[in-house]
Every structure is written in structure tokens, then in C-alpha cells.
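Understanding the architecture of this molecule
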Amino acid sequence: MELRIFTEPQQGASYDSLLKVAKAAEDLAFDAFFRSDHYLRMGNADGLPGPTDAWITLAGLARETKRIRLGTLMTAGTFRLPGVLAIQVAQVDQMSGGRVELGLGAGWFEEEHKAYGIPFPKEKFARLEEQLAIVTGLWATDGGKEFSYDGTYYQLENSPALPKPVQGKVPVLIGGHGARRTPRLAAQYADEFNIPFASLEDSERQFGRVRAAAEAAGRKGDELVYSNALVACVGRSDAEVARRAAAIGRNVDELKANGLAGSPAEVVDKIGRYAGIGASRVYLQMLDLDDLDHLELISAQVQTQLT
């Protein structure tokens, strides 16, 4: 079971605070540092000092880290044209020496689009499908050849399909709860399927749908990595768990029901149950980015028991 650190900078984080967390995650032997892709806070958070751009952040981290993998859960398809996104991700992959992964989703938070003048189309999922075809198609085009695409929403003519990522193939993550279209899209394009903030029962059901869709598409169901994203709130004592829950404005019982909360032993046990339904990777949503002791505790008393 791999543990990855997943942050939500729109709730309030500067680049420097993200850098501290990424470096701590690397030093503590976590597998990856991922971040969301949002431009507006959610809920009661103040969101200060303001939003940071996901791919600009990852470009900086690419030069200031050495081992840890870097990516997004999920890049919003509404924020970027697919040809531009292919260039951005390939460049950051080059800057990192081949450590980038692309989580790509349709985009959903209408308020942030209004706040920053970003179009919010009705046909988001159909656009996402074309975006995936274009981004992966550009990367897969042999050197010296051109890529063209004539879709409903995007058209590319005689693209040189450059630059290329360092990796032979940048891993693509697709996720979500959709019962029909999401598994089909994952089966066609994904290297990893991620389900965010889902119960064991819902995760098992969705993993089964994706496996079935992959097999229907001529792939082996186990060819994909299956992963969960879950909020983390771990403490050495009940008081420490309660303190960490209060710091992120959550209730301990709710966190235990819907996330990974409690003592290290409790969290190891629950992660084991996710492993039992086929998950091999967990993204730990860390909402208090100033609490680096939290990372140290999870590394020392949770991660060591899983590896």
C-alpha cells in the first residue's frame, strides 16, 4: 500500500507552505505529493493568501524536490485548453526528471469560474473526453510526425506534438463516482482510477464497474491502479485526534466514519480494509498544512506498518 500526500491549497496556502509540506513528504518517504486544482476557497476557510495555480506550483516543486512524484487530483478540464495542458505537463515532467502524473477531471465548481471569468460550459464531460484524447494523443505521436484532431469542441491541425514528457507515458488518473460514463472513460484512458471520499462499499462497487469496463474494452481489469482519497486525522491519543479534528473544523466521529481518523492502529486497520477491496494507493487529504508533526506521526506509525 502506497501513501501519498494530498493538499487543498485553495483553503489557504502560499507556495512556501506547499513547498514545506512537499519537502517533508519527500523526507518522510511518502510516495507522492498531490494537490487540488481550484481557484476559490470552499466552506468557512479564509483562503488566504489567495489561490495558487496547480501547474505553476508543481513546476516549482519539480525543481525543489528530487524523488517524490508530483501530480493533481484533479486538474480541472475547464481551466485549460488541452493542447496547452499537454505542453504544461510535458514541461513540468521534464523539469522533474520524469516524476509527474496527470489527474484530469471535468471541473465542477461553478463559483470559482464566475469569480475569475472562466467559462463554465454545460457539456463538461463530453469536453473532458476530447481533452483526454488530445493530451494523450499529442504525447503518443512519434517524433517527426504531426497530430490532428477534429472534434466537436476542439480542433487541432498539423500539430508537431511537442514537447514530449521524459516518461515514456505520463500516468493518467481519472476518478469519480459516475456509474456509467466514468468507468468507460477510465477504461479507455486511465492508468489509475481514484475514488474520492467514498465508503468501503461504494469504493468496492465503483472499482468493480471500472474493472468490468476495462475488460469490455480489451484490457485486464488489474492493469489499472485503484486508489482512494481520504481525509486524515491521526493522533497518539484521543485528545490529539480531537485537537487535529478541531483545527480543520471537523467532528471526530464523522471523520472516523468517513475518513482515516483515530489512533495509528485504527488507521492502519481501516487502510487494510480498503486494501482488501483492491486499493493499492491512498491519498491522505491533509487539511492543516502547518501541522508537519502530523506527517511525521503517519510516516512513523502508519506507513511503516503498511510497507
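Residues numbered from 1 in each chain as written. Predicted model: local features only at pLDDT ≥ 70, side-chain atom pairs only at ≥ 80, totals over all residues. Heavy atoms only, no water.

Further remarks concern the pattern of salt bridges. What the rule picks out here adds up to 23 salt bridges. Arginine 184 is the partner of glutamate 129 in a salt bridge, and the nearest nitrogen-oxygen pair spans 2.8 Å. In this pair, glutamate 129 is assigned in helix α5 (residues 124–140) and arginine 184 in helix α6 (residues 181–189), connecting sequence segments 55 residues apart. Overall, glutamate 129 belongs to the partly exposed group, its relative accessible area being 23%. Bridged by salt links that share partners, the residues Arg236, Glu240, Arg243, Arg244, Asp291 and Asp293 form one connected network. (Salt bridge = Lys/Arg side-chain N within 4 Å of Asp/Glu carboxyl O. Helix = DSSP H or I, 4+ residues; strand = E, 2+ residues; numbered from the N terminus. Buried < 20%, exposed > 50% of the residue type's maximum accessible area, 1.4 Å probe, protein only.)

With that out of the way, let us pick up helix α10 (residues 264–276). For α10, which comprises 13 residues, the first-to-last C-alpha distance of 18 Å matches the rise-based estimate of 18 Å (1.5 Å per residue) to within 8%. Those residues of α10 not exposed but buried are Pro264, Val267, Val268, Lys270, Ile271 and Tyr274. Projected down its long axis, α10 carries its buried residues within an arc of 165°, all on one side. Facing away from the buried side of α10 by over 90 degrees, the exposed positions are Ala265 and Gly276. (Expected span 1.5 Å × (residues − 1). Arc of directions from axis to C-beta.)

Tracing the backbone shows glycine 43 in the loop between β2 (32–35) and α2 (54–64). According to the relative accessible area criterion, glycine 43 is exposed, its value standing at 60%.

What the rule picks out here adds up to six aromatic pairs. Chaining the aromatic ring pairs together yields one cluster made of Tyr39, Phe79 and Tyr116. Of note, arginine 181 hangs over the ring of phenylalanine 125, and the distance from its end group to the ring centre comes to 4.2 Å. In this structure, arginine 211 packs its charged tip against the face of tyrosine 226, placed 4.3 Å from the ring centre. (Phe/Tyr/Trp six-rings, centres within 6.5 Å; stacked < 30°, edge-to-face > 60°. Lys NZ or Arg CZ within 6 Å of the ring centre and 35° of its normal.)

In this section: the pairing of strand β10 (residues 225–234). With nine of its ten residues buried, β10 lies for the most part within the structure. As judged from the five bridges shared by strand β9 (residues 192–196) and β10, these two strands associate in the parallel manner. Looking at β10, one finds that asparagine 194 is bridged to serine 227. Between the parallel elements β9 and β10, the chain passes through helix α7 (residues 200–216) in a crossover that is right-handed. Relative to strand β12 (residues 281–286), β10 is paired through five bridges, and the arrangement is parallel. (Pairing = 2+ DSSP bridges. Right-handed = clockwise from strand over helix to strand, strands pointing away.)

With that out of the way, let us pick up the pairing of strand β7 (residues 155–159). Every regular strand shows the same layout, with side chains that alternate between the two sheet faces. Sheet topology note: the strand β6 (residues 147–150)/β7 ladder contains three bridges and is antiparallel. Its bridge partner being in β7, tyrosine 149 is matched across the sheet by leucine 156.

Across its 13 residues, helix α1 (residues 15–27) extends 18 Å between first and last C-alpha, which sits within 8% of the 18 Å expected from 1.5 Å per residue. Along α1, the positions that sit buried rather than exposed are Ser17, Leu18, Leu19, Val21, Ala22, Ala24, Ala25 and Glu26. For α1, the secondary structure elements touched by its buried residues are β1 (2–7), β2, α2 and α11 (292–306). The positive-phi residue at the C-terminal boundary of α1 is alanine 29, with phi of around 70°. (Contact = heavy atoms within 4.5 Å.)

Tracing the backbone shows serine 36 in the loop between β2 and α2. Reaching out from serine 36, the side chain makes a polar contact with the side chain of glutamate 8 at a distance of 3.1 Å. Not counting residues within four places of it along the chain, the set of residues in contact with serine 36 comprises Phe6, Thr7, Glu8, Pro9, Gln10, Ala54 and Leu73. (Polar contact = N/O pair within 3.5 Å; in protein donor to acceptor, adjacent residues only side chain to side chain.)

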